[in-house]
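Chain by chain, the residues run as shown.
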Amino acid sequence: MKRAILLFLKIAILVAAAVWLADRPGQVEIEWQGYLIQTSTGVLAVAVLVLVVGAALIYRLWRALVSSPRAFGRYRQQAKRERGYKALTQGMVAVAAGDAEAAARYARKADVLLNEPPLTLLLSAQAAQLQGDDQAARKYFQAMLERPETEFLGLRGLLTQALRAGNRPEALELARRAQKLQPKSQWPATALVELEAQSGHWREAEIALQKAARIKALPPERAKRDRAALLVEESRQAAGAGQAEQSMILAQKAHDLCPGFVPAAVQLARAKIAVGKPKPAAKVLETCWRIAPHPDLAAAWGDTAESADPLVRVKRYEELVALNPKAADGHIALAEASMRARLWGQARNHLHQARTIAPSARIYRLLAEAERLEHGDGPQVREYLSKLAGAEPDPAWVCGSCGTIAAAWGAVCGHCGGFDTLDWRQPGPALRLAAPEAAPIPVSAPASAPLPAAAPAAT
């Protein structure tokens, strides 16, 4: 529309000029080099206009002839780039489809057509990975490290390769470098937390976790739980080094973060017991017990008793059951203490209560053991053992990543290396043990308090 209006204005101006000249006729004489030219003013104006238009056309033709080779070169280059980008796109599609041969072919074609390594190195590396050529992929990833625009992607590729090869030290160094290069990127932050933890660098892992939480790489609740897990391991490390007070401080931080986190409560209670504070230890266990009853809490509760006398421990566990009568683990712990005090009737009574609340294989094992210790092997023992075969499996520390059952909680899974993946739950039928000796221990009392020997058979 604007162009039409502009053209109309130009035509109007020319018509107006022509009319103006027609209304004002005149003669023009030009004498030059012995020649005399006589014409009217209108003809002269038309001649000048024709000369100007002709000069403009000649100039444009000259410009076109001069610039045509360069324009042709630009056209060819643009067409080449378009073919290169098309090959690059087709290569990415081939990678997504898992077509290694097509991906490699398009990667070579894109490299030739584009000659832009930042765009084609990643495709070439991915194509090499699809073909199973880790050496070639590593070469491409290392080449990416030499360019600032691709260094971050190269680090991620090498980190993935190092993890696949089980080279944890190299993976840790790569994660540190990537995190330093892109402090606000999420994957280096989370990877660094796990790698530091897997290497047993608990303090470094906690620092990395705090950085990850600041950039919101982890949900707040998850970050809180992960930090509590790291603090528990730091507390254990301090306790192993003889730093009892430091161990208690670290465990207290973990417990304050997650009052219902069983490993933190147990570690804090044992740290307080180690410095001669059994009553504060019992308060910690009581707080967690009300939130999440657990055999580990019950085992630590027994250590808060005034003495190791079996009857004293029975009274102590009666107090634990009173805190939460609907917790099966409390009845089981009291039954075990009663068995050590040879109070067979009380032991069976609480085992039957536990079976009513949450039946499990552990309860039938203890029922069979109590019957055997009191009366020796007999039909009742065999009956309990037959029920044991079809009973629900005992809850255990199970890795959410690989399904391995661990004998005790740890911040890192001993089988797959997953960080903070152990949860207390009932295992599935196909779960495996972390080690032959790592089966869940049904009796919550410490090994220093063995069950009494079997009673002699009646004659």
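In this convention, every chain numbers its residues from 1, walking through the sequence in written order. Since the coordinates come from a predicted model, pLDDT governs what is reported: local features require at least 70, and pairs of side-chain atoms require 80 or more to be given and counted, while whole-chain, interface and lining totals use all residues. To obtain the side-chain values, all non-hydrogen atoms of the structure were used and water was disregarded.

1. Digging into the pattern of salt bridges
When the charged atoms of two side chains with opposite charge come close together, those side chains can pair.
Okay, step 1: We define a salt bridge as a side-chain nitrogen of Lys or Arg found within 4 Å of a carboxyl oxygen belonging to Asp or Glu. Under the criterion given, the structure shown has 24 salt bridges.
Okay, step 2: The closest approach of N and O atoms between arginine 365 and aspartate 394, which form a salt bridge, is 2.3 Å. One end of the pair, arginine 365, is in helix H18 (residues 361-375); the other, aspartate 394, is in the loop between helix H19 (379-389) and strand E3 (396-399), with 29 residues separating them in the sequence.
Okay, step 3: Owing to a relative accessible area of 14%, aspartate 394 belongs among the buried residues under this scheme.
Okay, step 4: For the salt bridge of arginine 372 with glutamate 369, the shortest nitrogen-to-oxygen distance reads 2.5 Å. Here the residue arginine 372 and the residue glutamate 369 both occupy positions in helix H18, the gap between them amounting to 3 residues, near one helical turn.
Okay, step 5: Its relative accessible area of 27% is what places arginine 372 among the partly exposed residues.
Okay, step 6: The exposure class assigned to glutamate 369 is partly exposed, which follows from its relative accessible area of 23%.
Okay, step 7: Connected via shared salt-bridge partners are Arg222, Arg225, Asp226, Asp420 and Asp423. Where helices and strands are cited, they refer to DSSP runs of H or I of at least four residues and of E of at least two residues respectively, numbered from the N terminus. Exposed residues in this analysis have more than 50% of their type's maximum accessible area, buried residues have under 20%, and partly exposed residues fall in between, with area computed by a 1.4 Å probe over protein chains only.

2. Side note on a nonpolar patch on the surface
Okay, step 1: To count toward a patch, a residue needs a relative accessible area above 30% and no salt bridge. Like charges then connect within 9 Å, nonpolar side chains (Val, Leu, Ile, Met, Phe, Trp, Tyr) within 5 Å. Each accessible area is a Shrake-Rupley result for a 1.4 Å probe, and residues are judged covered by the shown protein chains and nothing else. Side chains of Met1, Ile5, Leu6, Phe8 and Leu9 sit close together on the surface and give an oily, nonpolar patch of about 600 Å² of accessible area.
Okay, step 2: Position of phenylalanine 8 relative to the elements: it lies in helix H1 (residues 2-23).
Okay, step 3: The class for phenylalanine 8 is exposed, based on a relative accessible area of 59%.

3. Points about the pairing of E3
Okay, step 1: What you see with E3 is no split at all: Ala396 and Val398 on one side and Trp397 and Cys399 on the other are buried throughout.
Okay, step 2: Note: E3 against strand E5 (residues 422-425), 4 bridges, orientation antiparallel. Paired with valine 398 across the bridge in E5 is aspartate 423.
Okay, step 3: Two strands qualify as a pair provided that DSSP identifies no fewer than 2 bridges between them. Where E3 and strand E4 (residues 405-406) come together, 2 bridges link them in antiparallel fashion. Residue pairing across strands places valine 398 opposite isoleucine 405, the latter belonging to E4.
Okay, step 4: Counted along the chain from E3 to the antiparallel partner E4, the turn is 5 residues long, and its residue glycine 403 has a positive phi close to 80°.

4. Side note on unusual backbone geometry
Okay, step 1: Its identity as a non-glycine residue notwithstanding, lysine 216 has a phi of 60°, on the positive side.
Okay, step 2: Here lysine 216 lies in the loop between helix H9 (202-214) and helix H10 (220-240).
Okay, step 3: The backbone of aspartate 420 sits at a positive phi, close to 50°, despite the residue not being glycine.
Okay, step 4: Relative to the assigned elements, aspartate 420 resides in the loop between E4 and E5.
Okay, step 5: Here aspartate 420 falls in the buried class, since its relative accessible area comes to 2%.

5. Re helix H13 (residues 278-291)
Okay, step 1: Every helix has an expected span of 1.5 Å times one less than the residues it contains. In a regular helix each residue adds 1.5 Å, so 14 residues correspond to 20 Å; H13 covers 20 Å between its end C-alpha atoms and thus fits that length.
Okay, step 2: All of the buried residues in H13 are Ala281, Ala282, Val284, Leu285, Glu286, Cys288 and Trp289.

6. Quick look at the nonpolar core
Okay, step 1: Working definition of a nonpolar core: buried Ala, Val, Leu, Ile, Met, Phe, Trp, Tyr and Cys residues. They are joined through side-chain atoms within 4.5 Å. By size, the foremost hydrophobic cluster in this structure holds 53 residues, and its most contacted members are Leu159, Leu230, Phe261 and Trp409.
Okay, step 2: Residues are treated as being in contact if the distance between any of their heavy atoms lies within 4.5 Å. Residues in contact with leucine 230, not counting those within four places in the same chain, are Ala197, Trp202, Ala205, Glu206, Leu209 and Phe419.
Okay, step 3: In terms of nonpolar packing, the next biggest core, distinct from the first, is built from 27 residues, Ala251, Leu268, Leu285 and Leu297 among them.

7. Concerning the packing of helix H14 (residues 295-302) against helix H15 (residues 310-323)
Okay, step 1: Between N-to-C directions, angles cover 0 to 180 degrees, with each direction set by a line fitted to C-alpha atoms, over the stretch in contact for helices. At a minimum axis distance of 9 Å, the contact between H14 and H15 shows a crossing angle of 140°. Taken as axis vectors, H14 and H15 run oblique relative to one another. As H14 packs across H15, the resulting crossing turns out to be right-handed. Facing H14, whose interface residues are Ala298, Ala299, Trp301 and Gly302, H15 presents Arg313, Arg316, Tyr317, Glu319, Leu320 and Leu323.
Okay, step 2: Charged residues are taken to be Asp, Glu, Lys and Arg, nonpolar residues to be Ala, Val, Leu, Ile, Met, Phe, Trp, Tyr, Cys and Pro, and polar residues to be all remaining types, Gly included. Grouping the amino acids of the contact of H14 with H15 by side-chain chemistry returns 6 nonpolar, 1 polar and 3 charged. Orientation categories follow fixed angle ranges, with anything under 35 degrees roughly parallel, anything over 145 roughly antiparallel, 65 to 115 roughly perpendicular, and all other angles oblique. A crossing counts as left-handed when the near helix is turned anticlockwise from the far one by less than a right angle, and as right-handed when that turn is clockwise.

8. Digging into the sheet that holds E3
Okay, step 1: Strand order in the open sheet made by the 3 strands is E4-E3-E5, with antiparallel pairing throughout. At either end of the open sheet lies a strand with only one pairing partner, and these are E4 and E5.

9. A look at the packing of aromatic side chains
Okay, step 1: Put simply, two rings from Phe, Tyr or Trp (the six-membered ring, in Trp's case) pair if the centres are within 6.5 Å, and we call them stacked under 30 degrees between planes, edge-to-face over 60, tilted for the rest. Applying the stated rule across the entire model yields 3 aromatic pairs.
Okay, step 2: Seen in terms of ring centroids, phenylalanine 152 and tryptophan 187 are 5.3 Å apart; in terms of plane orientation they differ by 45°. Their pairing is tilted. On the criterion of sequence distance, the pair formed by phenylalanine 152 in helix H6 (residues 151-164) and tryptophan 187 in helix H8 (residues 186-198) is long-range, its members being 35 residues apart. The exposure classification of phenylalanine 152 matches that of tryptophan 187, with both residues buried.
Okay, step 3: Relative to tryptophan 424, the ring of tryptophan 397 has its centre 5.4 Å away and its plane inclined at 70°; by these criteria the two rings are edge-to-face. Of the two residues, tryptophan 397 is situated in strand E3 and tryptophan 424 in strand E5; the sequence distance between them amounts to 27 residues.

Everything listed here is a matter of coordinates, which is why it stays silent on function.
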